Amino acid sequence: MIRSCKSYIGLLLLLTGHEALSQSLMFETATCIARVTGAAAPHEPFKNPNATHTTYNVGGTDLGIIWEIDKSRYGLFFGDTYGRYHFESPVVKESDWRCNVLAFSKDQHLDDGLTIDGMVIDSLGYAKEIVHSRKDKSGTGDWTSIPTGAIQANGAAYVHYMNVRHWNSSNWGTNYSALYRSKDKGMTWKPVAGVRFEENSNFGQVGYFKKDGYVYMIGTESGRQSAPRLARFKEQDIEDQQAYEFWSNTDHKWIKGQENRATNLFDDATGELSFIYHKKSRNWILLYFNEKRYEICARYAADLTGEWSAPQRIAHGGAYPKLYGSYIHPLSADNDSIYFLMSVWEPYNVFLMRTKINHR
């Protein structure tokens, strides 16, 4: 009897995988810990440990896609970036426009803010552009190159970016999405020739997470209106797009090299996403911006392929007008809170947020 009971439990765990071990999660309303970029507004209650407007000529920027470069050292990719005089008198519009910039942080204690301890800089000491663009604002050319996800894989750092043609709607017009690579821990970057997602790809914007030898990639079309889809590849195959595998709920399997076979993980309009495997709860956690509901929300799942929980609102535009972006700090994986970087369109800067997790 004991042996058969043990066999039954073993079979149950085998059939359900992590689901037998995972926990149900409730996410509290997020609170703002500190400003990350730019100058503090008058009477602003948040800490501002970086003063990037004077230190790196980063007066306004957004996103803050963060990944671990090596142990206890993180990279943060920001989007379109402007200097201090874009926002302070005398206003000089776009004279120092950079399509993206990159910061570094070794901060391990986020409850008092996130400290930046360096950026990739030019000869003047200003943060410099990493992924170049022609800045053609005609709406038919190469306007800007916006980072969407970053990962350390196979001994190098990679950033996925979308090359934007126009911003005319929620489904932005892009020319393509592709990768840049750094082999010196983020100091210099070069384009990757072997990976390119076309304009209407469901991996025009992505988030990455690395686990058990695979890099997992959740993607959406460029913009904020499509549902997310899932892919994976071995670390050593990150530059070989034909080796990418795409998850099909229809076929209940991974399908190599056929991006169009990927199916929706769930049906919800998904913008600016990030995700992690949360070790403490044995769940995958996904954050994203939903434009229609005007919120940043969280979902969780025991397995990346699903079933995913219903969305839980963690930040709303009523409290943070013109919010977007939700990029999880890797330190969250071992924590009772999720720390993430949120953008606010006005004052066009990035803030560190925290949502506590309650286990059921």
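The structure presented is a predicted model; accordingly, all values stated were derived computationally and were not measured.

Colleague: Would you mind showing me how to read the pattern of salt bridges here?
Modeller: Side chains that differ in charge, positive against negative, can pair when their charged atoms come close. Following the criterion strictly, the structure yields 22 salt bridges and no others. Close ionic contact of Arg-232 with Glu-245 constitutes a salt bridge, the shortest N to O distance being 2.7 Å. Taken as a pair, Arg-232 in strand E13 (residues 229–234) and Glu-245 in strand E14 (residues 245–248) lie far apart in primary sequence, 13 residues in all. On the accessibility criterion, Glu-245 (17% relative accessible area) is buried. Taken together, the salt bridges that share partners define one network made up of Asp-268, Arg-293, Glu-295, Arg-299 and Arg-313.

Colleague: It is not clear to me how the sheet that holds strand E4 (residues 73–78) should be interpreted in this structure. Could you clarify?
Modeller: Note on sheets: strands pair through backbone hydrogen bonds, and any given pair is parallel or antiparallel. Pairing is antiparallel across the open sheet formed by 4 strands, whose spatial order is E3-E4-E5-E6. Either end of the sheet is taken by a strand with one partner, and the two such strands are strand E3 (63–70) and strand E6 (118–119). Note that E3 and E4 share 6 bridges and pair antiparallel. Along E4, the bridge assignment pairs Ile-65 with Phe-77.

Colleague: It is not clear to me how the pairing of strand E15 (residues 253–256) should be interpreted in this structure. Could you clarify?
Modeller: Taken residue by residue, a regular strand's side chains alternate between the two faces of the sheet. Alignment of E14 against E15, held across 4 bridges, turns out to be antiparallel. The residue bridging Glu-245 from the neighbouring strand is Lys-256, located in E15. Counted along the chain from E14 to the antiparallel partner E15, the turn is 4 residues long, and its residue His-252 has a positive phi close to 60°.

Colleague: When you look at the packing of aromatic side chains in this model, what are you seeing that I'm missing?
Modeller: Aromatic rings in a pair are described by how distant their centres are and how their planes are angled relative to each other. As enumerated under the stated definition, the model contains 24 aromatic pairs in all. Where Tyr-161 meets Tyr-176, the ring centres are 6.1 Å apart and the plane angle is 80°; that geometry is what we call edge-to-face. With Tyr-161 in strand E8 (residues 156–166) and Tyr-176 in strand E9 (residues 173–182), this residue pair connects regions lying 15 residues apart in the sequence. The residues Tyr-161 and Tyr-176 share a single accessibility class, namely buried. Through successive ring pairs, a cluster of aromatic residues spans Phe-209, Tyr-214, Tyr-216, Trp-247, Trp-254, Phe-275, Tyr-277 and Trp-284. Here the guanidinium or amino end of Lys-211 rests over the ring plane of Tyr-277, the centre of that ring lying 4.6 Å away.

Colleague: Would you mind going over the environment of Lys-292 with me for this structure?
Modeller: Along the chain, Lys-292 falls in the loop between strand E17 (283–290) and strand E18 (295–301). Of the residues examined, Lys-292 reaches a relative accessible area of 82% and is grouped as exposed. Spatially, the C-alpha atoms of Lys-292 and Asp-268 are 10.0 Å apart, while their sequence positions differ by 24 residues.

Colleague: It is not clear to me how the sheet that holds strand E16 (residues 271–278) should be interpreted in this structure. Could you clarify?
Modeller: Across the sheet, 4 strands lie side by side as E16-E17-E18-E19; this open sheet has antiparallel pairing. Either end of the sheet is taken by a strand with one partner, and the two such strands are E16 and strand E19 (312–316). Taken over all neighbouring pairs, the strand axes of this sheet differ in orientation by 20° on average, direction set aside. As judged from the 7 bridges shared by E17 and E18, these two strands associate in the antiparallel manner. Bridging from a neighbouring strand, Leu-287 pairs with Ala-298 of E18.

Criteria and thresholds
- Residues numbered from 1 in each chain as written.
- Predicted model: local features only at pLDDT ≥ 70, side-chain atom pairs only at ≥ 80, totals over all residues.
- Heavy atoms only, no water.
- Salt bridge = Lys/Arg side-chain N within 4 Å of Asp/Glu carboxyl O.
- Helix = DSSP H or I, 4+ residues; strand = E, 2+ residues; numbered from the N terminus.
- Buried < 20%, exposed > 50% of the residue type's maximum accessible area, 1.4 Å probe, protein only.
- Pairing = 2+ DSSP bridges.
- Phe/Tyr/Trp six-rings, centres within 6.5 Å; stacked < 30°, edge-to-face > 60°.
- Lys NZ or Arg CZ within 6 Å of the ring centre and 35° of its normal.
- Axes fitted to C-alpha atoms, helices over the stretch in contact; angles between N-to-C directions.

Fair warning: the whole summary comes from geometry, so function is off the table for now.
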